[in-house]
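Per-entry structural report
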Amino acid sequence: MNRSATPRKPRASSQARIEAILGAARELLAEQGVAALSIYSVAERAQIPPSSVYHFFASVPALLEALTADVHRAFREALSAPIDGGEFNTWHELSRLIEQRMLDIYNEDAAARQLILAQHGLSEVVQADRQHDMELGDLMHKLFDQHFHLPVMPVDVDVFALAMELSDRVYARSVQLHDAITPRMAEEGKRVCEAYLGLYLPPFLAKR
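Bear in mind that the values here come from a model prediction, so they are computed numbers and not experimental data. (Residues numbered from 1 in each chain as written. Predicted model: local features only at pLDDT ≥ 70, side-chain atom pairs only at ≥ 80, totals over all residues. Heavy atoms only, no water.)

**Describing helix H2 (residues 39-46)**
This is how the line gets drawn: The buried label goes to any residue with under 20% of its type's maximum accessible area, the exposed label to any with over 50%, and the partly exposed label to all in between, with areas taken from a 1.4 Å probe on protein chains only. Only DSSP runs of H or I with at least four residues qualify as helices, and only runs of E with at least two residues qualify as strands; both kinds are numbered from the N terminus onward.
If you check which residues of H2 are buried, you get Ile39, Ser41, Val42, Ala43 and Ala46. Where H2 terminates, the next one or two residues include Gln47, which has phi positive at roughly 60°.

And the structure:
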């Protein structure tokens, strides 16, 4: 029987170098934004030859895609972390609890804000972000379904993914204006998410 090849894990030395590259890129993003990022600036910050950066990441967009995946991994972990059903009684409260977890990541990670919320016009990052948003929307849908009896949802629209994307647009506006997500705009983002979900969810849902 022919067996399909399984992807090899990077050797320890290679993995350490990848982590050094991504760490250096994160620092530069947090300090100077996407515009200041280059293979050479990352190599200088990581104190490794540029050829080593090129070996793992052929271009800046490839590097940014890897960082975007890393940020969304944190979002997935936040959505997968246990939630005590006693913390909320309505789906609105669950929505706010989830949004607060997303906000905590943005507030603690300047690189995440630069990648997802700042205006940089890099189509590769935008495409990667949208693909990851679909995965997050699916996780959010499952989380709601775990705690509430949901109505039949549309199959042609990713309602939960769109709700998260809409709140992100509010946070992005705050970052563009204030270089941070202000408490006022954080509240507005939560309201936008709730308002959109409210187009498909009734005011009251029975808990499971």
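Don't stop here, the text continues.
**Concerning empty space enclosed by the protein**
The line we're drawing: Residues are called lining when one of their atoms sits within 4 Å of a cavity or pocket point, these points coming from a 1 Å grid over the protein atoms alone, where a cavity is a set in which a 1.4 Å probe fits but cannot get out and a pocket is an open set with protein on both sides within 12 Å along at least five of seven lines. Grid points are joined across faces, edges and corners, and a volume is the space filled by probe spheres set on the points.
Considering all chains together, one arrives at 1 cavity of 30 Å³ or more under this definition. In this structure, the largest cavity spans a volume of roughly 80 Å³. Lining the largest cavity are Phe75, Glu99, Met102, Tyr106, Asp133, Leu136, Met164, Glu165, Ser167 and Asp168. Those elements giving two or more residues to the lining of the largest cavity turn out to be helix H5 (91-108), helix H7 (123-147) and helix H8 (159-178). Per-element tally for the lining of the largest cavity: the top contributor is H8, with 4 residues.

**Considerations on the pattern of salt bridges**
For clarity, the cut-off: By salt bridge we mean one thing: a side-chain nitrogen of Lys or Arg within 4 Å of a carboxyl oxygen of Asp or Glu.
The full count for this structure, using the stated rule, is 12 salt bridges. We note a salt bridge from Arg96 to Glu187, for which the minimum N-O separation is 2.6 Å. Of the two residues, Arg96 is situated in helix H5 and Glu187 in helix H9 (residues 183-197); the sequence distance between them amounts to 91 residues. Overall, the relative accessible area of 27% leaves Arg96 in the partly exposed class. Since its relative accessible area comes to 29%, Glu187 is described here as partly exposed. Where Glu188 meets Arg191, a salt bridge forms, and the shortest distance between an N and an O atom there is 3.0 Å. With a gap of 3 residues between them, Glu188 and Arg191 both fall in helix H9, about one helical turn apart. In this structure Glu188 comes out as partly exposed when scored by relative accessible area, which is 23%. Here Arg191 falls in the partly exposed class, since its relative accessible area comes to 46%. Three or more residues joined by partner-sharing salt bridges are found here, namely Arg26, Asp70, Arg73 and Asp109.

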